[in-house]
Amino acid sequence: MDQKKSTLDLFHDLDLATELRLGLPGSNDQPEIIKTSLSGNKRSSSEMGSSTCTDEQESRFSPPTKEQVVGWPPVRSYRKNILQVKKTDSDTGSGMYVKVSMDGAPYLRKLDLKMYKSYEELMKGLQVMFKCIIGLYSEREGYNGSQHVPTYEDKDGDWMLVGDVPWDMFISSCKRLRIMKSCEARGLGDCV
Amino acid sequence: MSDDTSPGCATTAAAGSGGSSGKVRAPVSSSGDGGSFTAHPDQVLENVIENVLVFLTSRRDRSTVSLVCRSWYRAEAYTRSDLFIGNCYAIAPNRVTDRFKRIRSVSLKGKPRFADFSLLPADWGAYFTRWVHAMSLAYRALEKIYLKRMSVTDDDLSVIARSFPCFKELVLVCCEGFGTSGLAVVVSECRNLRVLELIEDEVSDDETDWISCFPEGTTNLESLCFDCVEAEVNFDALEKLVARSPMLKKLKLNMFVSIGELYRLVVRAPQLTHLGTGAFNPLVEIGQQQGDNQELDYTSLFAACKSIVCLSGFREIAPEYFPTIVPLCGNLTSLNLSYANVNAEQFKPVIRHCHKLQVFWMDSICDEGLQAVADTCKDLRELRVFPVDPHEYDEGPVSEVGLLAISLGCRKLQSILYFCQQMTNAAVIAMSKNCPDLVVFRLCIIGRYRPDRVTGEPMDEGFGAIVKNCKKLTRLAVSGLLTDKAFSYIGQYGKLVRTLSVAFAGDSDAGLKSVLEGCTNLQKLEIRDSPFGDSGLQPGLHQFYNMRFVWMSSCRVTRQWCLEVARRLPKLVVEVFSRDEEEGERGDFVETLYMYRSLDGPRPDAPQFVEIL
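About the cut-offs
Residues numbered from 1 in each chain as written. Chains lettered and ligands numbered in written order. Predicted model: local features only at pLDDT ≥ 70, side-chain atom pairs only at ≥ 80, totals over all residues. Heavy atoms only, no water. Helix = DSSP H or I, 4+ residues; strand = E, 2+ residues; numbered from the N terminus. Contact = heavy atoms within 4.5 Å. Areas by Shrake-Rupley, 256 points an atom, 1.4 Å probe, with all protein chains shown as cover. Axes fitted to C-alpha atoms, helices over the stretch in contact; angles between N-to-C directions. Parallel < 35°, antiparallel > 145°, perpendicular 65-115°, else oblique. Left-handed = near helix turned anticlockwise from the far one by under 90°. Nonpolar A, V, L, I, M, F, W, Y, C, P; charged D, E, K, R; others polar. Buried < 20%, exposed > 50% of the residue type's maximum accessible area, 1.4 Å probe, protein only. Expected span 1.5 Å × (residues − 1). Arc of directions from axis to C-beta. Core = buried A, V, L, I, M, F, W, Y, C linked by side-chain atoms within 4.5 Å. Salt bridge = Lys/Arg side-chain N within 4 Å of Asp/Glu carboxyl O. Pairing = 2+ DSSP bridges. Phe/Tyr/Trp six-rings, centres within 6.5 Å; stacked < 30°, edge-to-face > 60°. Lys NZ or Arg CZ within 6 Å of the ring centre and 35° of its normal. UniProt positions renumbered as here; feature names shortened; annotations may be inferred. pLDDT = per-residue confidence, 0-100. Right-handed = clockwise from strand over helix to strand, strands pointing away.

A look at the overall build of chain A
Turning to step 1, where the next piece is worked out: The helix and strand inventory of chain A stands at 8 helices and 5 strands.
Turning to step 2, where the next piece is worked out: Secondary structure elements of chain A occur, N-terminal to C-terminal, as α-α-α-α-α-β-β-α-β-β-α-β-α.
Turning to step 3, where the next piece is worked out: Partitioning the intrachain contacts of chain A with sequence separation of at least 6 by distance along the chain shows that 48% fall at a separation of at least 24.
Turning to step 4, where the next piece is worked out: When the accessible surface of chain A is summed, it comes to about 10300 Å², and 50% of that surface belongs to carbon and sulfur atoms.

Structure representation (structure tokens):
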């Protein structure tokens, strides 16, 4: 599908689910654009009944993979959220997995950082995963008051307190996470 | 049992006809309340009929009976105890309470199914409030409430708790709008509560310790299912509750219950038949050192549970514990491993013991795993294979290979929901021939417009074979590349089809026409993103009053047509709306059309963005 690129550009701005036009031949609504772009090449080898091999093929298109259409596939959003976390090991798709360990826990977990959009969400996720309370980060006091303190190893191999840097910077430099006991974490928060 | 003597819970048909009907009559039992008893022959006949109708339970039969004549209508209304309303907007609550006086159980369904997939804007409706208020006045003896896709508030739950002294069963499926504080009120005030089942609801965590709110002393609890509640529960309270609920048969825990805690519960409730295992993972506890955890012998976790037939949960499964369920496998009739992350190597040694399995749900499975199911589960009736990754890819873990394997191994299959990336007509045709008992066939090829992977043809012949060969088919969901031919097959052979789901399929209005002209039993039609429009819907005009609803979104239905239909069919409520604020972008076409019959006209609670024509 070498025309995928142009379709991708096309799809940047469109709300897929509402702009889809499966135009009948002779209809003159908008989707001329779509007609000239990638058409349903999957059908190129088919010998379908001649009655349907018409312009309709042109106006139908196969959307590029990995574009998400609202409500598709028809899986309840509850289940979808859980699925995001459960990708198989062989999948090297869009997830950004880091290992998470917690002091005292006998096993490592893996977390997809792309699932979260903010520190708050990440904390929530960690708390659910490890059944612990982490509490909120404050610039002045770090994680004082919590029994557990989340830290991460950054690109340079240094261990930092989670929450130190803006979120985007954090995701791009975080290599792994470790939830430490607060007594051991003293000293990290002092590097400001 | 201590709480059986609360007032108003008389189980015989005492207490007059409720409300002033203006008619002098005597109730069925002879403990009448004041009206004089006339020995008029019609009255006697009516009493006789009432006595007979009490035994009639089927909804359809009751409906038929009520049409015979006025007298039978009245008798049926008087003796109906179970109310089922498939669309909460099809009728107003007070009309129901006026007609039926002695309802014990109510089932209500609200939002259309596509709401599950974010196709319905929030605040669309399906509020339980006006129903619960009407019922609180009219049905003091109400015992059971079953709601699906309704919006339920904590206040509504309070009304339930306070209005129905005999209340026994609450089942909420795919509902939202309430939280743990609402649950707390229900469990503390409904002293006769036997069943509390929360299934795939969105429950907000108000940080209320609702488990502790069950009253002291032995309970009547038979079923407690809270696996969808994403809030911690007080385990000590839960343990004590289970210990004092000797009738408890169904227990479905949420993901916050660790395997150690599960063990403690199971030991106290060896009589359980249905178990949702919670996290199935040791889960680190706050403040616990590593050494605190007794090394419990999980291999015997289920050794004492001779009665478990239905197993689910495994929310955060630590796969090394999976084999502990093997002692149960020989008795299992239902196994739900969706949400469980196990691979084929871990799965196969377990499934090969499940000879009696009838219902199986899974997501992290591959064709190989399905082969293992096909090899062992000869009694399988229902299979659901969910996608492990909801994106569109060229390949996925399950395909036509798995479907074919299942069709060859599980000949008694009645219901299948199968998500995959690729499929072939041959496999679907094979299933249509090997599994003639199929009642529900829902195939979702995640890649939209995907043709037969081997031949490149559309999937018309596969689905055609299904409707042709599966003579009992009542529910069908189609996908993949489909032309109008597929729909002409459906119209031609799908005479028993009641529910049809279509997405990204078809060529032209001819397709929809075939369906509406041919499927005489069609009740529920839901279509999205397909090139069907006004002339496709036109043949349905004679049918719409017989249907529960029609949903069309991102299709080619014009506003003009909707106005016309609303005019011609006054008892049809025609709702038109957009999913988000994009006015006019679709030109003349409506974004979403949702129409349904109603005896009481447009609903009073429609939000601003919904236009009722």
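Some points on the packing of helix α13 (residues 400-409) of chain B against helix α14 (residues 425-434) of chain B
All names here are of chain B.
Turning to step 1, where the next piece is worked out: For the pair α13 and α14, interaxial distance at closest approach is 9 Å and the crossing angle is 15 degrees. Taken together, the axes of α13 and α14 are roughly parallel relative to one another. The element α13 and its partner α14 pack so that their crossing is left-handed. Across from Glu-400, Leu-403, Leu-404, Ile-406, Ser-407 and Leu-408 in α13, the residues of α14 making contact are Ala-427, Val-428, Ala-430, Met-431 and Asn-434.
Turning to step 2, where the next piece is worked out: The residue makeup of the contact of α13 with α14, split by class, is 8 nonpolar, 2 polar and 1 charged.

Brief notes about the environment of Asp-116 of chain B
Turning to step 1, where the next piece is worked out: Examined against the element boundaries, Asp-116 of chain B turns out to sit in the loop between β2 (105-109) and α5 (129-138).
Turning to step 2, where the next piece is worked out: Judged by its relative accessible area of 9%, Asp-116 of chain B falls in the buried class.
Turning to step 3, where the next piece is worked out: Linking Asp-116 of chain B and Arg-149 of chain B, residues 33 residues apart in sequence, is a C-alpha distance of 8.7 Å.
Turning to step 4, where the next piece is worked out: For Asp-116 of chain B, the contacting residues outside a window of four places in its chain are Val-75, Arg-76 and Ser-77 of chain A together with Arg-149 of chain B.

Topic: helix α6 (residues 119-130) of chain A
Residues and elements named next belong to chain A.
Turning to step 1, where the next piece is worked out: Taking 1.5 Å as the rise per residue, α6 with 12 residues should run 16 Å; its terminal C-alpha atoms sit 16 Å apart, in good agreement.
Turning to step 2, where the next piece is worked out: If you check which residues of α6 are buried, you get Tyr-119, Leu-122, Met-123, Gly-125, Leu-126, Met-129 and Phe-130. Take α6 and look down its axis: the buried residues cluster within an arc of 160 degrees, on one side only. Exposed residues lying more than 90 degrees from the buried face of α6 are Glu-120 and Lys-124.
Turning to step 3, where the next piece is worked out: Contact partners of the buried residues in α6: β1 (97-102), β2 (109-112), β3 (148-153), α7 (167-173) and β5 (176-181).

Some words on the nonpolar core
Turning to step 1, where the next piece is worked out: Counting 182 residues, the largest nonpolar core has Phe-128, Trp-210, Leu-224, Phe-360, Phe-441 and Leu-593 of chain B as the members making the most contacts within it.
Turning to step 2, where the next piece is worked out: Among the nonpolar cores identified, the runner-up in size contains 23 residues, and Val-100, Tyr-116, Met-123 and Ile-179 of chain A belong to it.

Considerations on the environment of Ala-304 of chain B
Turning to step 1, where the next piece is worked out: Among the structural elements, Ala-304 of chain B can be located in the loop between β10 (274-277) and β11 (310-312).
Turning to step 2, where the next piece is worked out: Along the primary structure Ala-304 of chain B and Glu-143 of chain B are separated by 161 residues, whereas in three dimensions their C-alpha atoms are 34 Å apart.

Quick notes on the side chain of Ser-399 of chain B
Turning to step 1, where the next piece is worked out: Examined against the element boundaries, Ser-399 of chain B turns out to sit in the loop between β14 (382-385) and α13.
Turning to step 2, where the next piece is worked out: Discounting chain neighbours no more than four positions away, the residues touching Ser-399 of chain B are Asp-367, Tyr-418, Cys-420, Gln-422, Met-423 and Arg-453 of chain B.

Regarding the pattern of salt bridges
Turning to step 1, where the next piece is worked out: Considering all chains together, one arrives at 32 salt bridges over all chains under this definition.
Turning to step 2, where the next piece is worked out: A salt bridge links Arg-80 of chain B to Glu-76 of chain B; the nearest nitrogen and oxygen atoms lie 2.7 Å apart.
Turning to step 3, where the next piece is worked out: Ionic pairing is found between Asp-394 of chain B and Arg-450 of chain B, a salt bridge with its closest N-O pair at 3.8 Å. Residue Asp-394 of chain B is located in the loop between β14 and α13, and its partner Arg-450 of chain B is located in the loop between β16 (440-445) and α15 (460-469); the two are separated by 56 residues in the primary sequence.
Turning to step 4, where the next piece is worked out: On the basis of relative accessible area, Arg-450 of chain B is assigned to the buried category, the value being 3%.
Turning to step 5, where the next piece is worked out: Members of the salt-bridge network, linked through shared partners, are Arg-76 of chain A together with Asp-116, Arg-149 and Glu-200 of chain B.

Structural notes on the sheet that holds strand β4 (residues 159-161) of chain A
Two strands in a sheet stick together by hydrogen bonds in their backbones, pointing the same way (parallel) or opposite ways (antiparallel).
All names here are of chain A.
Turning to step 1, where the next piece is worked out: One open sheet holds the 5 strands; their spatial order is β2-β1-β5-β3-β4, and the pairing between them is mixed. Each having just a single partner strand, β2 and β4 make up the two edges of the open sheet. Direction aside, neighbouring strands of the sheet carry axes that sit 35 degrees apart on average.
Turning to step 2, where the next piece is worked out: Note that β1 and β5 share 4 bridges and pair parallel. Looking at β5, one finds that Lys-99 is bridged to Arg-176.
Turning to step 3, where the next piece is worked out: Contacts from α6 reach β1, β2, β3 and β5 within the one sheet, and its direction differs from that of β2 by about 155 degrees.

Here's the deal with the packing of aromatic side chains
All names here are of chain B.
Turning to step 1, where the next piece is worked out: Inspection of the entire model under this criterion finds 26 aromatic pairs over all chains.
Turning to step 2, where the next piece is worked out: Ring centres of Phe-280 and Phe-314 lie 4.9 Å apart, and the angle between their planes is 70 degrees; on these two criteria the pair is classed as edge-to-face. Here Phe-280 is found in the loop between β10 and β11, whereas its partner Phe-314 is found in the loop between β11 and α10 (326-329), with 34 residues between them in sequence.
Turning to step 3, where the next piece is worked out: The class of Phe-314 is buried, set by a relative accessible area of 0%.
Turning to step 4, where the next piece is worked out: Through successive ring pairs, a cluster of aromatic residues spans Tyr-89, Phe-114, Phe-117, Trp-124, Phe-549, Trp-551, Phe-577, Tyr-594, Tyr-596 and Phe-609.
Turning to step 5, where the next piece is worked out: The lysine or arginine in question, Arg-448, covers the ring of Phe-504, its NZ or CZ lying 5.1 Å from the ring centre.
Turning to step 6, where the next piece is worked out: The ring of Trp-124 carries the charged tip of Arg-603 above its face, separated from the ring centre by 4.3 Å.

As for unusual backbone geometry
Note: most peptide bonds trans; most residues except glycine with negative phi.
Turning to step 1, where the next piece is worked out: That bond from Trp-72 of chain A to Pro-73 of chain A is cis: its omega, -5 degrees, falls within 30 degrees of zero.
Turning to step 2, where the next piece is worked out: Here Pro-73 of chain A lies in the loop between α4 (56-59) and α5 (77-85).
Turning to step 3, where the next piece is worked out: Positive phi values are uncommon outside glycine, yet Tyr-449 of chain B reaches one of about 60 degrees.
Turning to step 4, where the next piece is worked out: Here Tyr-449 of chain B shows up in the loop between β16 and α15.
Turning to step 5, where the next piece is worked out: Looking at Tyr-449 of chain B, the relative accessible area reads 6%, which means it is buried.

Regarding the UniProt feature "domain: Transport inhibitor response" (unreviewed entry) in chain B
Turning to step 1, where the next piece is worked out: Here, UniProt's "domain: Transport inhibitor response" (unreviewed entry) annotation points to residues 101-147 of chain B.
Turning to step 2, where the next piece is worked out: Secondary structure content for residues 101-147 of chain B is 21% helix and 19% strand, and the end C-alpha separation is 20 Å.

Focus: the pairing of strand β22 (residues 592-597) of chain B
Within a regular strand, side chains alternate between the sheet's two faces.
Residue and element names in this part refer to chain B.
Turning to step 1, where the next piece is worked out: The buried count for β22 comes to 5 of 6 residues, which makes it a mostly enclosed element.
Turning to step 2, where the next piece is worked out: Here strand β20 (residues 549-553) runs beside β22; their pairing, made up of 4 bridges, is antiparallel. Bridging from a neighbouring strand, Met-552 pairs with Leu-593 of β22.
Turning to step 3, where the next piece is worked out: As paired strands, strand β21 (residues 572-577) and β22 are joined by 6 bridges and run antiparallel to one another. Across the sheet, Glu-575 pairs through a bridge with Tyr-594, a residue of β22.

Section: the packing of α5 of chain B against helix α6 (residues 154-163) of chain B
Residues and elements named next belong to chain B.
Turning to step 1, where the next piece is worked out: Closest axis-to-axis distance for the α5/α6 pair is 10 Å, and the angle between their directions is 15 degrees. Judged on the interaxial angle alone, α6 and α5 are roughly parallel. Between α5 and α6 lies a crossing whose hand is left-handed. Residue-level contacts link Thr-129, Val-132, His-133 and Ser-136 of α5 to Asp-156, Val-159, Ile-160 and Ser-163 of α6.

Brief notes about the confidence of the model for chain B
Residue and element names in this part refer to chain B.
Turning to step 1, where the next piece is worked out: Per-residue confidence for chain B averages 88 on the pLDDT scale, and 90% of its residues sit at or above 70.
Turning to step 2, where the next piece is worked out: Within the model, pLDDT remains below 50 along residues 1-35, and this stretch shows 42 contacts once partners closer than five positions in the same chain are excluded.
Turning to step 3, where the next piece is worked out: Per the prediction output, this complex has pTM 0.75; the corresponding ipTM is 0.80.

Brief notes about the pairing of strand β13 (residues 359-362) of chain B
Residues and elements named next belong to chain B.
Turning to step 1, where the next piece is worked out: Pairing geometry for strand β12 (residues 334-336) and β13, over 3 bridges, is parallel. Across the sheet, Asn-336 pairs through a bridge with Trp-361, a residue of β13.
Turning to step 2, where the next piece is worked out: As a crossover connection, the stretch from β12 through helix α11 (residues 344-351) into β13 is right-handed.
Turning to step 3, where the next piece is worked out: Two elements, β13 and β14, share 4 bridges in a ladder whose sense is parallel. By the bridge assignment for β14, Trp-361 is matched with Arg-384.
Turning to step 4, where the next piece is worked out: One crossover worth recording links β13 to the parallel β14 by way of helix α12 (residues 367-376), and it is right-handed.

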